[in-house]
Amino acid sequence: MKKTQTGAAAFETYYAKCFSERWAGLKKALLSPARQTEYTENLLKPYYLDYASIRAAETLPALEGGKCLDMCAAPGGKTLVLLNTMSTKTEITANEISAERRNRLIKVLNEHLSEERRRQIRVTGFNACVMPRFEQNAYERILLDAPCSSERHVLQNEKYLKQWSKARIRNLAQRQWALLSAAFLLLKPEGFLLYATCAISDEENDKTVQRLTVKYKEKAVIQPLTPPPLAEKTEYGCRFLPDKAEGAGPLFFSLIRKAPAQQPLTALKK
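Rules behind the numbers
Residues numbered from 1 in each chain as written. Predicted model: local features only at pLDDT ≥ 70, side-chain atom pairs only at ≥ 80, totals over all residues. Heavy atoms only, no water. Helix = DSSP H or I, 4+ residues; strand = E, 2+ residues; numbered from the N terminus. Rg over C-alpha atoms; globule rule 2.2 N^0.38 Å. Buried < 20%, exposed > 50% of the residue type's maximum accessible area, 1.4 Å probe, protein only. Contact = heavy atoms within 4.5 Å. Lys, Arg positive; Asp, Glu negative; His and termini not counted. Charge placed at Lys NZ, Arg CZ, Asp CG, Glu CD. Core = buried A, V, L, I, M, F, W, Y, C linked by side-chain atoms within 4.5 Å. Pairing = 2+ DSSP bridges. 1 Å grid on protein atoms, 1.4 Å probe; cavity = no way out; pocket = protein on both sides within 12 Å on 5 of 7 lines; lining within 4 Å. Points joined across faces, edges and corners; volume = space filled by probe spheres on them. Nonpolar A, V, L, I, M, F, W, Y, C, P; charged D, E, K, R; others polar. pLDDT = per-residue confidence, 0-100. Salt bridge = Lys/Arg side-chain N within 4 Å of Asp/Glu carboxyl O. Phe/Tyr/Trp six-rings, centres within 6.5 Å; stacked < 30°, edge-to-face > 60°. Lys NZ or Arg CZ within 6 Å of the ring centre and 35° of its normal.

1. With respect to the overall build of the protein chain
Okay, so step 1: Regarding its fold elements, the protein chain presents ten helices and eleven strands.
Okay, so step 2: Relative to its length of 270 residues, the protein chain is compact, with a C-alpha radius of gyration of 18 Å against a globular reference of 18 Å.
Okay, so step 3: Reported as C-alpha extents along the three principal axes, the dimensions of the protein chain are approximately 50 × 45 × 35 Å.
Okay, so step 4: Looking at the protein chain as a whole, 54% of its 270 residues are labelled buried.
Okay, so step 5: Within the protein chain, contacts between residues at least 6 apart in sequence are counted, and of these 75% link residues at least 24 apart.
Okay, so step 6: Each charge class in the protein chain was averaged separately, 42 positive and 29 negative side chains, and the resulting centres sit 6 Å apart.

2. Overview of the nonpolar core
One recurring pattern in soluble globular proteins: nonpolar side chains tend to sit buried together.
Okay, so step 1: Within the largest apolar cluster, 39 residues are counted, with the highest numbers of intra-cluster contacts made by Leu60, Leu80, Met86, Leu113, Ile121, Phe240 and Phe253.
Okay, so step 2: Broken down by secondary-structure element, the contributors of at least two residues to this core are β2 (47-50), α3 (51-57), α4 (77-85), β4 (90-95), α5 (99-112), β7 (187-197), β10 (238-240) and β11 (251-258).
Okay, so step 3: Top contributing element to this core by residue count: α3, with five residues.
Okay, so step 4: The residues touching phenylalanine 253, leaving out its near neighbours within four places in the chain, are Ala56, Thr59, Leu194, Tyr195, Ala196, Leu225, Pro228, Gly237, Cys238 and Phe240.
Okay, so step 5: In terms of nonpolar packing, the next biggest core, distinct from the first, is built from 28 residues, Met71, Val209, Ala220 and Ile256 among them.

3. Structural notes on the pairing of strand β6 (residues 139-145)
Okay, so step 1: Counted residue by residue, β6 has seven buried out of seven residues, so it is predominantly covered.
Okay, so step 2: As judged from the three bridges shared by strand β3 (residues 66-70) and β6, these two strands associate in the parallel manner. Among the inter-strand pairings, leucine 69 is bridged to a residue of β6, identified as isoleucine 142.
Okay, so step 3: With six bridges joining them, β6 and β7 adopt parallel strand pairing.

4. Brief notes about α4
Okay, so step 1: With nine of nine residues buried, α4 lies mostly within the body of the structure.
Okay, so step 2: Those residues of α4 that fall on the buried side of the exposure criterion are Gly77, Lys78, Thr79, Leu80, Val81, Leu82, Leu83, Asn84 and Thr85.

5. Comments concerning empty space enclosed by the protein
Okay, so step 1: The full count for this structure, using the stated rule, is one cavity of 30 Å³ or more.
Okay, so step 2: Taken as a whole, the largest cavity spans an internal volume of roughly 30 Å³.
Okay, so step 3: In terms of lining residues, the largest cavity is bounded by Ile200, Ser201, Asp202, Asn205, Asp206, Thr234, Arg239 and Phe252.
Okay, so step 4: The residue makeup of the lining of the largest cavity, split by class, is two nonpolar, three polar and three charged.

6. Regarding the confidence of the model for the protein chain
Okay, so step 1: On average, residues of the protein chain score 94 in pLDDT, and 95% of them reach the 70 mark or higher.
Okay, so step 2: Long-range and interchain partners of residues 265-270, a stretch whose pLDDT sits below 50, account for 16 contacts in this model, where long-range means more than four residues apart.

7. Some details on the side chain of glutamate 151
Okay, so step 1: You can see glutamate 151 is positioned in helix α7 (residues 151-155).
Okay, so step 2: Of the side chains with opposite charge, arginine 168 lies nearest to the buried glutamate 151, which makes no salt bridge, at 7.1 Å.
Okay, so step 3: Sequence-distant contacts of glutamate 151, defined by excluding residues within four places in its chain, comprise Phe11, Tyr15, Cys198, Ala199, Ile200, Ser201 and Glu204.

8. What to know about the packing of aromatic side chains
Each aromatic ring pair is summarised here by two numbers: the centre-to-centre distance and the angle between the ring planes.
Okay, so step 1: Scanning the entire structure with this criterion turns up twelve aromatic pairs.
Okay, so step 2: Measuring from ring centre to ring centre gives 6.3 Å for phenylalanine 19 and tryptophan 23, while their planes differ by 25°; the resulting arrangement is stacked.
Okay, so step 3: By relative accessible area, which is 9% here, phenylalanine 19 ends up buried.
Okay, so step 4: Seen from their ring centres, phenylalanine 184 and tyrosine 216 are 4.8 Å apart, and the 35° between their planes marks the pair as tilted. Taken together, the positions of phenylalanine 184 in helix α9 (residues 166-186) and tyrosine 216 in helix α10 (residues 206-216) put the pair 32 residues apart, joining distant regions of the chain.
Okay, so step 5: Judged by its relative accessible area of 7%, tyrosine 216 is buried.
Okay, so step 6: A connected cluster of aromatic rings, assembled from ring pairs, spans Phe11, Tyr14, Tyr15, Phe19, Trp23 and Trp164.
Okay, so step 7: Across from the ring centre of tyrosine 139, 4.9 Å away, lies the NZ or CZ of lysine 67, which sits over that ring.
Okay, so step 8: Cation over ring: lysine 258 sits above phenylalanine 184, and NZ or CZ is 5.1 Å from the ring centre.

Next up, the structure:
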């Protein structure tokens, strides 16, 4: 049996193959501090997050009433941005399965929002992958900022870099698919779903979205996007890579619309 390659050398080989001559500059940018932006809109005090995260969250179309789900919401920066893109009549659910991260999410919301605006957001702790067992076609807007490889953090942490292998990408891509397919079932017909990761591998980004289009065909409509400033276009969305985005990112995002339903969608079989 072939031994799985792990560690810094395996990481270097994999991403050098993915990005060719661009990899050296991209790796250098990933090792540098991220571009943090002061976000202040309708907040009690500034919240600092990646410039790319703001631009991505703002891509989800505004909603005048109805329900919006932030599926993996911690630490809460994108939830704050979402609140400013949705009307005061929109109910926002910020979901986070990890109790520790959920407590951090609650702290961020409580510290940055007025009591009135805070009441607009309900915090839950469900396993997002199984939410369609209890409801479907429930939300007009969904943001799925999925757990991912987070190569920037791996590169900057010697422990994680030593443990890295291609299996990490495969395992995370499978988890992302479970979350994305669940999100699509939760989405109402004609609603919009924004899928995002801070990974740089296509397997976790474009290929995960492509898998949704193969599964649901014309039901999953990829919305054409004009890349925001500093972003670049991909097959199914846009991405910020720090070597060309002045330190912002990495962040990939794709906007998906659910076509009007002609018949009920059924949950994926495991």
